[in-house]
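The primary structure of each chain is shown beneath.
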Amino acid sequence: MTFWNILYLVGIMTACVGVMQLLPLVLSFGYGDGETARLALSCAGTVLSGLFMVYAGRKKRRNLLSNSEALGCVGLCWIVATCAGALPFICTGVMHPVDAWFESVSGFTTTGSTVLSDIEALPQSLLFWRSLSQWCGGMGIIVLSLAVLPHLGVGGMQLYRAEVPGPTPDKLAPRMQDTAKILWGGYCVLTFVMVLCLLCAGMNLLDAVNHAFTTLATGGFSTKNASAAAFSPVVQWIIIAFMFLAGINFTLHFRFITGTWNAYGRSEECRFFVLLCALLIVLTAGYLYGSGAFAVQSAADIERLIRGAAFQIVSLITSTGFVSENYSLWPIGITPLFLFAIFVGGCVGSTAGGFKIMRIMVLGKVLRREFFLMLHPRGVSSIRFQDRPLSEKIIAGTGVFFITYLLVLFVCTSVLLFYRIDFLTGFSAVLTCLSNAGPGFGCVGAVDNFGWMPEGVKVLLSFCMLAGRLEFYALLILLHPSLWKK
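No experiment lies behind these values; they were computed from the predicted model shown.

K.L.:
Give me the lowdown on the overall build of the protein, citing residues and values where you can.
P.N.:
If you tally the helices and strands in the protein, you get 21 helices and 2 strands. Counting across all 486 residues of the protein, residues that qualify as buried make up 56%. In the structure as shown, the protein presents an accessible area of about 20,000 Å², 68% of it carried by carbon and sulfur atoms.

K.L.:
Report on the pattern of salt bridges, specifying residues and quantitative values.
P.N.:
The tally for this structure, following the rule as stated, stands at 10 salt bridges. With a shortest N-O distance of 2.7 Å, Glu-303 and Arg-307 are connected by a salt bridge. One end of the pair, Glu-303, and the other, Arg-307, are both in helix α15 (residues 299-317), 4 residues apart, so they sit about a helical turn from each other. Here Arg-359 ties to Glu-471 by a salt bridge, and the two come within 2.7 Å at their closest N and O atoms. Taken as a pair, Arg-359 in helix α17 (residues 357-375) and Glu-471 in the loop between α20 (455-469) and α21 (473-476) lie far apart in primary sequence, 112 residues in all. Each member of the pair Arg-359 and Glu-471 is classed as buried. Bridged by salt links that share partners, the residues Lys-356, Arg-359 and Glu-471 form one connected network.

K.L.:
For a nonpolar patch on the surface, give the residues involved together with the corresponding values.
P.N.:
Taken together, Val-189, Phe-192, Val-193, Leu-196, Leu-199 and Leu-205 make up a surface patch of nonpolar side chains, about 520 Å² in accessible area. The greatest single-element share of the nonpolar patch, amounting to 5 residues, is contributed by helix α9 (residues 176-200). By the secondary structure assignment, Leu-196 is in helix α9. Overall, the relative accessible area of 39% leaves Leu-196 in the partly exposed class.

K.L.:
Tell me what's going on with the environment of Leu-7, and back it up with residues and numbers.
P.N.:
Locating Leu-7 in the fold gives a position in helix α1 (residues 3-20). A relative accessible area of 16% places Leu-7 in the buried class. For the pair Leu-7 and Ala-56, spaced 49 residues apart in the sequence, the C-alpha separation amounts to 7.5 Å. With residues near it in sequence (within four places) discarded, Leu-7 still touches Met-53, Val-54, Ala-56 and Gly-57.

K.L.:
How would you sum up the side chain of Thr-14? Please name residues and give values.
P.N.:
Tracing the sequence through the fold places Thr-14 in helix α1. Look at Thr-14 and you get buried, because its relative accessible area is 5%. Separated by 2.8 Å, the side chain of Thr-14 and the backbone oxygen of Val-10 make a polar contact. Contacts of Thr-14, omitting those with residues within four sequence positions, involve Thr-46, Gly-50, Met-53 and Val-80.

K.L.:
Run through the packing of aromatic side chains, naming residues and quoting values.
P.N.:
Aromatic rings in a pair are described by how distant their centres are and how their planes are angled relative to each other. Overall, the coordinates contain 27 aromatic pairs when judged by the stated rule. Pairing Phe-256 with Trp-261 gives two aromatic rings, centres 5.5 Å apart and planes at 85 degrees, and the pair type is edge-to-face. With 6.2 Å between their ring centres and 90 degrees between their planes, Phe-418 and Tyr-419 make a pair best called edge-to-face. Residue placement shows Arg-130 over the ring face of Phe-221; its charged tip is 3.8 Å from the ring centre.

K.L.:
Can you lay out the nonpolar core for me, pointing to particular residues and giving the numbers?
P.N.:
Counting residues in hydrophobic clusters, the biggest one holds 134 residues, and the most contacted among them are Phe-450 and Leu-461. Of all the elements, helix α4 (residues 67-91) adds the most residues to this core, at 9 residues. When neighbours within four sequence positions are excluded, Leu-461 is seen to be in contact with Phe-102, Leu-416, Ala-429, Val-430, Cys-433, Phe-450 and Met-453.

K.L.:
Just give me the short version of the packing of α15 against helix α16 (residues 335-344), but keep the residues and values in it.
P.N.:
A pair of packed helices is characterised by two quantities: the angle between their axes and the separation of those axes. For the pair α15 and α16, the least separation of the axes is 7 Å and the interaxial angle reads 40 degrees. Relative to α16, α15 is oriented oblique. On the side of α15, the interface is formed by Gln-312, Ile-313, Leu-316 and Ile-317, while α16 contributes Phe-338, Ala-341 and Ile-342. Grouping the constituent residues of the contact of α15 with α16 by class yields 6 nonpolar, 1 polar and no charged.

What counts and what doesn't
- Residues numbered from 1 in each chain as written.
- Predicted model: local features only at pLDDT ≥ 70, side-chain atom pairs only at ≥ 80, totals over all residues.
- Heavy atoms only, no water.
- Helix = DSSP H or I, 4+ residues; strand = E, 2+ residues; numbered from the N terminus.
- Buried < 20%, exposed > 50% of the residue type's maximum accessible area, 1.4 Å probe, protein only.
- Areas by Shrake-Rupley, 256 points an atom, 1.4 Å probe, with all protein chains shown as cover.
- Salt bridge = Lys/Arg side-chain N within 4 Å of Asp/Glu carboxyl O.
- Patch = residues over 30% accessible without salt bridge, like charges linked within 9 Å, V, L, I, M, F, W, Y side chains within 5 Å.
- Contact = heavy atoms within 4.5 Å.
- Polar contact = N/O pair within 3.5 Å; in protein donor to acceptor, adjacent residues only side chain to side chain.
- Phe/Tyr/Trp six-rings, centres within 6.5 Å; stacked < 30°, edge-to-face > 60°.
- Lys NZ or Arg CZ within 6 Å of the ring centre and 35° of its normal.
- Core = buried A, V, L, I, M, F, W, Y, C linked by side-chain atoms within 4.5 Å.
- Axes fitted to C-alpha atoms, helices over the stretch in contact; angles between N-to-C directions.
- Parallel < 35°, antiparallel > 145°, perpendicular 65-115°, else oblique.
- Nonpolar A, V, L, I, M, F, W, Y, C, P; charged D, E, K, R; others polar.

Worth remembering: the numbers are spatial, not functional.
Written out as structure tokens, the structure is:
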């Protein structure tokens, strides 16, 4: 990979993160929280570092990137962006570097795991920075850079394919920057609508903006220690609705808004996602009712039961990570259902993490074809998705991704067991980081945090969050020697 290309792109990403830090800086000045000077130092240092790298690399860079170079640049840009995002926490002295990087990675990857035990003790400016990093990471800071910097000329579609999760990213416009603008436009509109809804439900402006940012990004950072449980049932239903929308492919939202009224119904993946959510909610509510975890004696009790089941299932399957109830106190039999929801994740092209609904469907179709061929050895069966045959390349890629996912999950869980962390805590911590879902089970449950873990484990889990957000390849390719040959 060309060094000057790396320097130029990393510089742009660093400068973008520095510009983002202007917003919490202004908020700090307005609130007078005493962190203005430190945030100004972080902002200035980040912007100047980025501009220096851009200036150094702009004259010698190449205008075209190969697919492997695009993947490598994406991985490096995300690592550098998360390091730059950790500076506000370090400069203000609220965290040491490892914790600050963990919190920054959790923000940009929209995971929602935290090392903080008292979130409400943070200044409003830093709470806003946590939410802002998730909002920008939700749609992808590289897609954002393509939208506002169309003069990059560094292989936009290659970067887009490396950045957008899923096997088949949609291209909504002939030019890459137009596609990015469309996606970000829809993202901003939904965020604005959610802010208005939360304000109407009685939430104050700052909390409304923070929670709209982290809900549409499926990130789950909250301004309250109790997360969504600190707010009214109306607010929780609003969050459920927008978490669900964020778990659906954003291209479907665009097509619906532009007049394709049956866009959701025509999508095979969206239909499966809706049915799976409904099934998991019914199973959860039924199990909680049958186990007596909720006392059901009135209509209000029924509403709370349904809301609790719906909130946690939608929060986990969309990898948001908000909690409305301490599900760690629920019967242990509910754990496999929740772990399954964390693993599955949302739709391709959404801000949700996880394995993705489309891949689950493809693996199911592959299994069905194998059973058919066992019964009919001379039969011919093709795997179709949206009434179109899937290429063997996509099918093979789905299988490879599944194996890679399980392998990384196994290896990282083994490392946590080596640190003498119990299996449920270690397994759920790795799974929730790979799926960018936030809370897990055991000692990292609904009301717990990751602050007690050894620093080596925090670094490992940070890379798990990055790997899950970039779907492994953009990070793993950095380890391949051929990428660094001239």
